[in-house]
Structure formats: C-alpha cells, structure tokens
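# Examining the three-dimensional arrangement
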Amino acid sequence: MAPFTLRDFNELLELRSRHCISIYLPTHPSSDEGKQDRIVLRNLMDEARDALVARGLHRGETESLIAPGMALLEDQKFWHDRSAGLALFLSGGQARHWRLPRSFESLAWVGDRFYAKPLFPLFDETGRYYLLALSQKGVRLFSGRPDHLAEVPVEGLPHGIDEIASHEPPEGTRQCHTGQKALGGKEGEIFHGQGGAHDHAKQHDLVIYLRAVDRALSPVLHGQTVPLIFVGVEDLFPHYRQVNSYPYMLAEAIHTNPDRLNAAELQARAASVLQPYWLKAETEDLARFDAALGSGRVSGSIEEILRSAECGRVDCLFVAGDAQLWGHWDPITTTAQIFDVRDPNAEDLLDLAAVLVHRQHGRIHVLKAKSLPGGITAAAIFRYAHQRQPLISK
C-alpha cells in the first residue's frame, strides 16, 4: 500500500460531498486473520449506516455509499498486513484507505467533508527527526516521527568501510583535521593513532569512510532543521561527530550496535532520547499562551478561534483530540451554534478549527483534553491582537 503523504492529506481536506464517511480504528497484528479488527470495522460501518439514515437517505442510497467499506470486510488479503491503525474514507461509492503507523480511537463520522483531526499528528513538524544507524559494516538513514520510522534511500552512501578502504597508509605519524560542531557538542579534531603502520591505515580508512558518509548525507539533510540522532557503538560516535557537517545532530547518542536492530527496535530506542525534543515546541507554545493571557493575543472561545482561523490570524492552535464540540459554523455571519447533543447534521467544531488553521499554515497541537489550558477543548495564539476600528470623527 502506498504511504499516506501530505498531498493525500490535503486532497482529503479539500474534498466536499453531501455525505463523506470517515472511519478510524486501531488494528492489531495477530494470528486471527484480522477477525477482531473486522468486527470493530463492521460495527463502525453500522454506525455510519445509521448516521446516513438520520440524514434522510433511503436504504438503497445508504448501501451504495458504504458498499466499498463493506467489501473490505470480506477481503482476506487486505487483512494480512496491518499497521497500528486504519483510516477509511468513503464518498460517492468510492473508497480510499490507508494503514497508518498510529493507533486511533474507534470513530465513525458522516458529514459534508472528511473528519481530519486524528491525522494532524502525522504531519506535526515538531515530531520529525532523522536517525543515523552507523557501524563499520554498514550505514542506514531513517526518517522518523513519534510513531513511525522509515529508511531513507541515500545515493552514494557507502555500504561499509571495506567498500572505500584505502590501501595506502596515511602520511606522517600523526594527522588531524578540524571537524564540524554537533548540536550541543564542541568542535575539535580527529587524531589518527600513533601505533604501527597497520593502526595508521585503519584510522586513515575510518576517517575516509566517515567523511564519505557525511558527504552522501549532506544533500539529503541540507536545509533541514530537525534533530539527527546517532546510533552506533560508543567508540565510533566521537569520530563521526568531528566530521559531521549537519548542525542539528544531537550531542546525546544511542550507544549500541545498530546492525542488530530493525526499524521498530531503533524507533523504540530513539523515543526515550527524543521525547524532550518532541515536547519542547508544545511546552514553549503553552508557555506563550499563558504569558499572553489578557493581551488579546490568545483565546479559548471557539467562535473567535474559527473567525480568526478563516482570515489566517491563528498562529498556533491547541485542540482536544479526545473530545468533540458538536455544532454548526456559519462563515457568512461568522457565528457558531453549539449543540448539547450530537445532531445528524452537526460537525465537530474542533476538527473544523484544525482544518482552517492548517489551510493558513498555522501550527496545530492535538492534545488530551486534560492537557489544555483551563480545561477548555480549544485554545489559540493569534499572530496579532485584534485591532479595533477607530471612530471616524465628523
């Protein structure tokens, strides 16, 4: 199955139809051929069917809309390979679906557009990172997020030190060169050993190898600002740190032999090291919100947030991922109507706010409701305070 890209996400956000069905569910790799997951999906399809009927559709129209989703229930091949979650979108008798490296709360939603809030964390730039798994036998570069890690093909990356080993010993008995500064590290020099000719040759080959690795990675990492974490044996890290030209490599590394670890194991090792970096932007934005209280630069009013999001005023949005705020937004009058219970034609105004902010290139943090300031379900930091129109004197 093709990966879910930002382009796919934006296309989903732009699609409009009278009856768009969004289904999210967690999936579990197991030996039951997906039996339990299919039961959950069938129940969610039943919820979608009921929602369509509540919106006034006849049985024939309803069955036509959900038919592609029902067909997946009987597709044995589809359930052979499963990731952490499944996102399914149905509209006009057509289906799009992705297996995603993120677990979801089970949800069925029908509206005039697709429900997007569970997907925003997949495209949160604050959670991105690179992981370099380096040994003398091989090197791999990975691109990761908190719940996903995938290997990145790199042109010209050596397969190991033996591929580029020099057969000529280095000149002199002691050589050095200036290396690049790592994030949080210090600039220094690499000194070749002062042992015999064999040791000199090994040190010389190591430097050539590490420089070749850095040279191959440079075009891929150029212009990036996300952290790079090194995974390799402890003795190798200081040497690579000195030739590294990427300024955002972390000073803290994972010291182990990466050749023994697959992507899932590397991701698990990286999580504990990177957790503070993932939380940094979120924590800083929450502090910005607290500091700006009373200034006109922040708000917890969903109506003001929606109104500001429409015109691109929202710089940062905090929204509850585990709650819904059912209502109706009128973009003409810029007013919101909040419903005490879920109406068949209502939408989650929290989801709408995230979509509008995303379109205007604002930053979005999807949090647990208990983590939001003041127990509210949405909060925003504005790019500028509201400017009152001056009175015109006659």
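Residues numbered from 1 in each chain as written. Predicted model: local features only at pLDDT ≥ 70, side-chain atom pairs only at ≥ 80, totals over all residues. Heavy atoms only, no water.

Our focus in this paragraph is the overall build of the protein chain. Helix and strand counts for the protein chain stand at 9 helices and 18 strands. Counting every position in the protein chain, which comprises 394 residues, the buried fraction comes to 45%. A sequence separation of at least 24 residues applies to 68% of the contacts in the protein chain between residues at least 6 apart. Of the roughly 20,400 Å² of accessible surface on the protein chain, a fraction of 51% belongs to carbon and sulfur atoms. (Helix = DSSP H or I, 4+ residues; strand = E, 2+ residues; numbered from the N terminus. Buried < 20%, exposed > 50% of the residue type's maximum accessible area, 1.4 Å probe, protein only. Contact = heavy atoms within 4.5 Å. Areas by Shrake-Rupley, 256 points an atom, 1.4 Å probe, with all protein chains shown as cover.)

Next up on the list: the side chain of Asp-8. Looking at where Asp-8 falls in the secondary structure, it is placed in helix H1 (residues 6-14). When its relative accessible area of 13% is taken as the criterion, Asp-8 is described as buried. A distance of 3.1 Å separates a polar side-chain atom of Asp-8 from the backbone nitrogen of Thr-5. Excluding residues within four positions of it along the chain, Asp-8 makes contact with Pro-3, Arg-96 and Trp-98. (Polar contact = N/O pair within 3.5 Å; in protein donor to acceptor, adjacent residues only side chain to side chain.)

Here we take up the sheet that holds strand S15 (residues 335-338). Spatial ordering of the open sheet is given by S15-S14-S16, a layout of 3 strands whose pairing is antiparallel. The open sheet has two edge strands with one neighbour each: S15 and strand S16 (347-348). Where strand S14 (residues 326-330) meets S16, 2 bridges bridge the pair, whose relative direction is antiparallel. Residue pairing for S16: Trp-326 is matched across the bridge by Asp-348. Across the sheet, helix H8 (residues 302-310) is in contact with S14 and S15; its angle to S14 comes to roughly 40 degrees. (Pairing = 2+ DSSP bridges. Axes fitted to C-alpha atoms, helices over the stretch in contact; angles between N-to-C directions.)

Positive phi is not limited to glycine here, since Thr-334 has a value of about 50 degrees. Positioned with a positive phi, His-361 is a non-glycine residue whose angle comes to about 65 degrees. Mapped onto the secondary structure, His-361 falls in the loop between helix H9 (349-359) and strand S17 (363-367). Here His-361 falls in the exposed class, since its relative accessible area comes to 71%.

This part is about the sheet that holds S17. Pairing in this open sheet of 4 strands is mixed, and the strands run S12-S18-S13-S17 from one edge to the other. Each of the sheet's edge strands pairs with one partner strand only, and the pair in question is strand S12 (298-299) and S17. Pairing of S12 with strand S18 (residues 378-382) involves 2 bridges; the strand directions are antiparallel. Bridge assignment links Ser-299 to a residue of S18, and that residue is Ala-380.

Counting 53 residues, the largest nonpolar core has Phe-4, Leu-119 and Leu-317 as the members making the most contacts within it. Tallying contributions element by element places H9 first for this core, with 8 residues. If we skip the residues at most four places from it in the chain, Phe-4 touches Phe-9, Leu-12, Trp-98, Leu-100, Leu-119, Leu-122 and Phe-123. Within the second largest apolar cluster, 25 residues are counted, among which are Leu-132, Ala-216, Val-243 and Ala-253. (Core = buried A, V, L, I, M, F, W, Y, C linked by side-chain atoms within 4.5 Å.)

The next point concerns the pattern of salt bridges. The tally for this structure, following the rule as stated, stands at 17 salt bridges. One salt bridge in this structure joins Arg-288 and Asp-285, with 2.9 Å as the shortest N-O distance. Taken together, the residues span about one helical turn, with Arg-288 and Asp-285 both in helix H7 (residues 263-291) at a distance of 3 residues. Given the relative accessible area of 3%, Asp-285 is considered buried. (Salt bridge = Lys/Arg side-chain N within 4 Å of Asp/Glu carboxyl O.)

In contact at an axis separation of 10 Å, helix H2 (residues 35-54) and helix H3 (residues 59-73) are set at 175 degrees when each is read in the N-to-C sense. Taken as axis vectors, H2 and H3 run roughly antiparallel relative to one another. On H3, the residues that touch Arg-38, Leu-41, Arg-42, Met-45, Arg-49, Leu-52 and Val-53 of H2 are Thr-62, Glu-63, Leu-65, Ile-66, Gly-69, Met-70 and Leu-73. Its residues assigned to classes, the contact of H2 with H3 comprises 8 nonpolar, 2 polar and 4 charged. (Parallel < 35°, antiparallel > 145°, perpendicular 65-115°, else oblique. Nonpolar A, V, L, I, M, F, W, Y, C, P; charged D, E, K, R; others polar.)

A separate point is the packing of aromatic side chains. What the rule picks out here adds up to 13 aromatic pairs. Aromatic side chains Tyr-24 and Phe-89 sit 5.8 Å apart centroid to centroid with 85 degrees between the ring planes, which places their arrangement in the edge-to-face category. With Tyr-24 in strand S1 (residues 20-26) and Phe-89 in strand S2 (residues 85-91), this pair connects stretches of sequence that are 65 residues apart. Owing to a relative accessible area of 0%, Tyr-24 belongs among the buried residues under this scheme. Seen from their ring centres, Phe-230 and Phe-237 are 5.0 Å apart, and the 40 degrees between their planes marks the pair as tilted. Residue class for Phe-230 comes out buried when judged on its relative accessible area of 0%. The structure contains a cluster of three or more aromatic residues connected by ring pairs, namely Phe-4, Phe-9, Tyr-24, Phe-89, Trp-98, Phe-104, Phe-114 and Phe-120. In this arrangement the basic side chain of Arg-313 is found over the ring face of Phe-382, its NZ or CZ atom lying 3.8 Å from the centre. (Phe/Tyr/Trp six-rings, centres within 6.5 Å; stacked < 30°, edge-to-face > 60°. Lys NZ or Arg CZ within 6 Å of the ring centre and 35° of its normal.)

Summarising burial for strand S13 (residues 314-320): 7 of the 7 residues are buried, a large majority. Relative to S17, S13 is paired through 5 bridges, and the arrangement is parallel. Of the residues in S17, the one forming a bridge with Phe-318 is His-365.

Turning to the pairing of S2, a few remarks are in order. Two faces, one strand: in a regular strand the side chains alternate between the faces of the sheet. Counting buried positions along S2 gives 7 out of 7 residues, so the element sits mostly inside the fold. Residue alternation in S2 divides its side chains into two sets, Gly-85, Ala-87, Phe-89 and Ser-91 and Leu-86, Leu-88 and Leu-90, and both sets are buried. Of the pairings in the sheet, the one linking S1 to S2 comprises 6 bridges and is antiparallel in character. When the sheet's bridge partners are listed, Ile-21 is paired in S2 with Leu-90. Two elements, S2 and strand S3 (residues 94-100), share 7 bridges in a ladder whose sense is antiparallel. Across the sheet, the residue bridging to Gly-85 is Leu-100, located in S3. Counting the residues in the hairpin turn of S2 and S3 gives 2 residues, including Gly-92, whose phi is positive at 60 degrees.

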